[in-house]
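Here is how the chains run, residue by residue.
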Amino acid sequence: MNINHCWTKLETLRINTLSHGFPLLESLYLKNCPQLLQVFSSTEGRDVIGDHILLNVPFLKNLKVSNCPQISCFIVQAQLIEELVLINVGNSRQLCNTDVPVLNEGCIVVGNHEEVFQVQGGYSFSSIKSLQLWNLFEVRVIWNDFAQVVTLENLTTLNLFNCKKLRYIFSPMMARSLSHLVDLFIVRCEEIERLILAKDQVASSSSNGDTSLQPMSFPNLTRIIVTDCKNLNSLFPFGFVFVLPKLETLKVIRNSKLEQVFELEEKVEVVAEEEMKFDKLERLSLEELPGLIHFCPKGYHYVFPEMMKLKVRDCHKLTTGFFIDSQEFVHCKTKVYILQPFNPTLFYVIITITTEGITCKIFN
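Residues numbered from 1 in each chain as written. Predicted model: local features only at pLDDT ≥ 70, side-chain atom pairs only at ≥ 80, totals over all residues. Heavy atoms only, no water.

Novice: Got a sec to walk through the environment of Ser126? Specific residues and values, please.
Specialist: Within the fold, Ser126 resides in the loop between strand E10 (115-118) and strand E11 (130-134). When residues no more than four places from it in sequence are discounted, the contact partners of Ser126 are Thr151, Glu153 and Asn154. (Helix = DSSP H or I, 4+ residues; strand = E, 2+ residues; numbered from the N terminus. Contact = heavy atoms within 4.5 Å.)

Novice: Explain the environment of Val65 residue by residue, including any values.
Specialist: Among the secondary structure elements, Val65 is positioned in strand E6 (residues 62-68). Along the primary structure Val65 and Leu30 are separated by 35 residues, whereas in three dimensions their C-alpha atoms are 4.7 Å apart. Here Val65 is in contact with Leu30, Val85, Leu86, Ile87, Val89 and Val110, once residues within four sequence places are set aside.

Novice: So what's going on with unusual backbone geometry? Which residues, and what values?
Specialist: Glycine aside, residues mostly have negative phi, and peptide bonds are mostly found in the trans state. Phi at Asn67 is positive, roughly 55°, even though this residue is not glycine. Residue placement: Asn67 occurs in strand E6. By relative accessible area, which is 29% here, Asn67 ends up partly exposed. The phi dihedral of Arg188 falls on the positive side, at around 60°, and the residue is not glycine. Inspection of the secondary structure puts Arg188 in the loop between strand E14 (183-187) and strand E15 (216-217). (Buried < 20%, exposed > 50% of the residue type's maximum accessible area, 1.4 Å probe, protein only.)

Novice: I'd like a description of the sheet that holds strand E25 (residues 320-324), backed by residues and values.
Specialist: Sheet strands associate in pairs through backbone hydrogen bonding, adopting either a parallel or an antiparallel arrangement. Here we have 4 strands laid out as an open sheet, ordered E21-E23-E26-E25, and mixed in their pairing. Strands at the two margins of the open sheet, each flanked by one partner only, are strand E21 (274-277) and E25. Strand-to-strand twist of the sheet, defined as the mean angle between neighbouring strand axes without regard to direction, takes the value 20°. In this structure, strand E23 (residues 300-304) lies alongside strand E26 (residues 330-334), joined through 4 bridges in antiparallel fashion. If you follow Phe304 over to E26, its bridge partner there is Val330. (Pairing = 2+ DSSP bridges. Axes fitted to C-alpha atoms, helices over the stretch in contact; angles between N-to-C directions.)

Encoded structure:
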């Protein structure tokens, strides 16, 4: 049933059955309520932690709160959550700066708070499939404690937009659990420096143990779009082996401090040229990246047998060269010693490959 009502002056909607819980609730949606301050209330203290409402919804799978900029923060305990969407939530300064209590179990903080998930006891929220966070200007970390063992083996979609204070996303252990991740979109996260914490940034007391022996692999990652993240240094740190067998689209645009797209975490001396294939990559865009030096590590040779469109523009420090062979495969190489860097500031190139042939356009 779709009923459109306009409650432009609504400030509080009370649901007074909270004290009895919502034992069978599976989905909760709040959308386009610009004046809404509060949804849940309770007269029983056990449902209130400090100034925050606590929802125990053991079967909740879908939680979407969008365009509710005045809503007060509330806490959700839902270990079976599969989809979490928070868009323009609780951005009022007086509503987002209050401390959220640390609970004994994992919880989700619904509001514009420094932390989104509080993970306690390990493996909490491992059922989550889709995570979208938009316009959460106070968020600094998604997961509060990287020492906890958190696996994200069911996560397929991660969409982060305009989370200006977010600095990183995953620990190495978390990243190694992303076997089902398909879409990774990160836009306007201005303070983010790394997508994955470096090993030396993980606390020595971490219970993760030694993860260096586990290869960094994203076997189902298909689309990557990273734009307008001005403090980002590199996208992915890899060990000796990295695998992106299903990657089809890679767009890296307007990340002014980005120096490398793919970097080697271990210091490996490349003696002979090592060839790696991106068997499914069809579209690659590198645009307005004034700090970009390497697309691939020095001494490596990448082959793109399915490349349909390549766009390189305003990457004046780039030392990686692209070329097409007789089989119409696109290649790229970063030489160990380069006297003259590739300089697309004078032009940019779009290579399009179709069944009718190759089109190469060069623009001044």
